[in-house]
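Residue-level structural notes
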Amino acid sequence: MTTKYLFFTGGVVSSVGKGVTAAATGLLLKERGFKVAVQKLDPYINVDPGTMSPYQHGEVYVLDDGAETDLDLGHYERFIDIRLSRVSNFTTGQVYAETISKERRGDYLGGTIQVIPHITNEIKRRIGLVEKETGAEIVILEVGGTVGDIESQPFLEALRQLRNEVGRENCLFVHVTWLPTIGATGEIKTKPTQHSVAALRSIGISPNVIIARADQDVDKGLCEKIALFCDVDKDSVIPMKTADVLYEVPLLLEKLGVGDLMLTKLGLKSTRKPDMRPWKKLVEEVRKPKPTVKVALVGKYVELQDAYMSVREALKHAGLANSVEVEISWVHSADLEKDKGWDVLKKADAVLVPGGFGSRGVEGKILAARYARENNVPYLGLCLGMQVMCVEFARNVLDLEDANSSEFDRSTEHPVIDLMLDQRSITDMGGTMRLGLYPCLLQKGTKAATAYAVPRVDERHRHRFEFNNSYLEKFKEHGMVFSGLSPDGKLVEIVELANHPYMVASQFHPEFLSRPMNPHPLFVGLLKAAKEKAKK
Ligand code: GLN
């Protein structure tokens, strides 16, 4: 069958849930028997988000093949339950880098390189890779940013061209907008949506479907008004009220008839009935009153919770598996260094130290690890969270006073966390960490092995530094268990404490592989231990 394309654009403002809407739509189509692939186009000039601060960008989501991508790819993987690859996300930076390197090579000899056609051709080439690589029947493509941004214009122009090349009948433009409410009168306004559609039409794209997001119920009359002013079919304005439970979004879209509408408009017939029962059950579980466990998340980007998107979701998934409501207390690690935030930490049933880079707040994370160890509080360390657990252990159990990671103290006498040999000569920061899926063998009888219940796992990595094996024996002698190792035994992947209810940490990022229906074992283990502690 010819590949069909669903192009998602955003209007009015950002952060209205375009990524979640696209992901949930993908699920509805997959449920109807179609092979779905997804791609996100990011208009910024960075080659990838790997070098960007989480304050700028939120979480960097890592794929199996090591691609460092936008956090929306996390939504796609979690909702559609697929594993994406590098072709699923590209940026203006990549498009220009490729075009300029071709120009330097002489590929366009004699030509003047222009946005149209050279840049738009490169964009279309990259879009084509998705179908080539995945054989998808339907490609869901989300354009980052908001219509009207200067940066996204070449992307939209490329989509306009693509529509003519693949045929109008094979594409749908879905515009996700926002309907604001005037506080004084409670009136919902459609004008910003009208303007946004006008902006889209001025570059030659008329949306086929408008998903109008709002915090209120939107009545039929208002939808008809939008249809009239924006020149779309009456049945193609979808009023989408903000959901209080994220995983309800696919159910709401299904109820609004989005799955069938998309198929009809694409001229497709579904091969099976969507089975939304697992999602209904999931949402019922979320809504059920449950005992609460408090997890202190000790990080340095806690002001922006998007920086820990997958960690937050993984905690939710594991909470459902344990029938507990997870309440996250966000603790700023630098506060702990200044004697602040301890009251919150001390009330928690578990401590989670996520990944991070750079020295700000690291001492606070080390203090949090010490507190968890000394007070038998369940602890899960992710990447940097494992490294600080080892540094703390070296300092306070092995009495290696200045032990540190050489990331934070180059001249430490005891670099218990250190750069691997192959990382030492690296000067370029972009895309050069240990990235992506690596195997890990679980050591029998350990908490990690019990949690996973399989002997070997593959997990996603994103770090430069590793446990320094010259300290391995000393750590072991004092009760540190190395419960996950690379198959050659040379890299420490999971550590845990022998005499502790649950102090487990991984060098990889388990949060990227947690799914709503398939929670991650290490998170499930943490909350199981936290539930026990809360009972006491
Ligand atoms: N900064 C540490 C390293 O590079 C940890 C990275 C992380 O937590 N993702 O090894």
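In every chain, residue numbers begin from 1 and rise along the written sequence. pLDDT decides what is reported in this predicted model: residues at 70 or higher carry local features, side-chain atom pairs at 80 or more are listed and counted, and totals for whole chains, interfaces and linings draw on all residues regardless. By convention in this description, side-chain values take in all heavy atoms of the structure and omit both hydrogens and water.

1. Regarding a negative patch on the surface
On the surface, a cluster of negative charge is made up of Asp399, Glu401, Asp402 and Glu413. Along the chain, Asp402 falls in the loop between α16 (384-396) and β16 (404-405). Patch definition: residues with relative accessible area over 30% and no salt bridge; like charges joined within 9 Å; nonpolar side chains (Val, Leu, Ile, Met, Phe, Trp, Tyr) joined within 5 Å. Surface accessibility in these figures is a Shrake-Rupley result with a 1.4 Å probe; residues are shielded only by whichever protein chains are displayed. Think of a salt bridge as a Lys or Arg side-chain nitrogen and an Asp or Glu carboxyl oxygen that are within 4 Å of each other. For the purpose of counting charges, residues Lys and Arg are taken to be positive, whereas Asp and Glu are taken to be negative. His and the chain ends are not included. Note on charges: their place is set at NZ of Lys, CZ of Arg, CG of Asp or CD of Glu. Helix and strand assignments follow DSSP, with helices taken as H or I runs no shorter than four residues and strands as E runs no shorter than two, numbered in order from the N terminus.

2. Re the site of the ligand
The rule for a residue being near a molecule or strand is that one of its heavy atoms must lie within 4 Å of it. By nearness alone, every residue bordering the ligand is listed as Gly355, Gly356, Phe357, Cys383, Leu384, Gln387, Glu407, Arg462, His463, Arg464, Phe465 and His509. Identification of polar contacts relies on pairs of N or O atoms within 3.5 Å, with a donor-acceptor requirement for protein atoms, meaning one able to donate a hydrogen and the other able to accept it, and with residues adjacent in sequence counted only if both atoms are side-chain atoms. In the model, an oxygen atom of the ligand is placed 3.1 Å from a nitrogen or oxygen of the Gln387 side chain. In the environment of the ligand, a nitrogen atom lies 2.9 Å from a nitrogen or oxygen atom belonging to the backbone of Arg462. Coverage of the ligand by the protein chains reaches 99% of its 300 Å² of free accessible surface. Looking at the shell around the ligand, the elements that each hand over two or more residues are α16 and β19 (456-463). Note on residue categories: nonpolar means Ala, Val, Leu, Ile, Met, Phe, Trp, Tyr, Cys or Pro, charged means Asp, Glu, Lys or Arg, and polar means any other residue, Gly included. Its residues placed into classes, the shell around the ligand shows four nonpolar, five polar and three charged.

3. Topic: the pattern of salt bridges
Pairs can form between side chains of opposite charge whenever their charged atoms are close. Using the criterion set out here, one finds 40 salt bridges in the structure. Among the ionic pairs, Lys102 bridges to Glu122, the shortest N-O distance being 3.6 Å. Residue Lys102 is found in helix α4 (residues 92-105), and its partner Glu122 is found in helix α5 (residues 115-134); the two are separated by 20 residues along the sequence. There is no split in this pair, since Lys102 and Glu122 are both buried. Partly exposed residues are those whose accessible area sits between 20% and 50% of the maximum for their type, while under 20% is buried and over 50% is exposed, using a 1.4 Å probe and protein chains only.

4. Focus: the packing of aromatic side chains
By convention, a stacked pair of Phe, Tyr or Trp rings (six-membered ring in the case of Trp) has centres within 6.5 Å and planes under 30 degrees apart, an edge-to-face pair has planes over 60 apart, and any other such pair is tilted. Scanning all chains against the criterion turns up 15 aromatic pairs. With a centroid separation of 5.3 Å and an interplanar angle of 85°, the aromatic rings of Tyr55 and Tyr301 are classed as edge-to-face. With Tyr55 in helix α2 (residues 54-57) and Tyr301 in the loop between β12 (292-299) and α12 (309-321), the pair connects residues that are 246 residues apart, well separated along the chain. Between Tyr247 and Trp279 the ring centres are 6.1 Å apart and the planes differ by 50°, which places this aromatic pair in the tilted class. Note that Tyr247 is positioned in the loop between β11 (237-241) and α9 (249-255) and Trp279 in helix α11 (residues 277-287), a separation of 32 residues in sequence. A single burial state applies to Tyr247 and to Trp279, both of which are buried. Put simply, a charge is over a ring when the Lys NZ or the Arg CZ is close to the ring centre, within 6 Å, and near the line of the ring normal, within 35 degrees. The lysine or arginine in question, Arg126, covers the ring of Phe90, its NZ or CZ lying 5.7 Å from the ring centre. Between Arg434 and the ring centre of Tyr438, over which it is positioned, the NZ or CZ distance is 4.8 Å.

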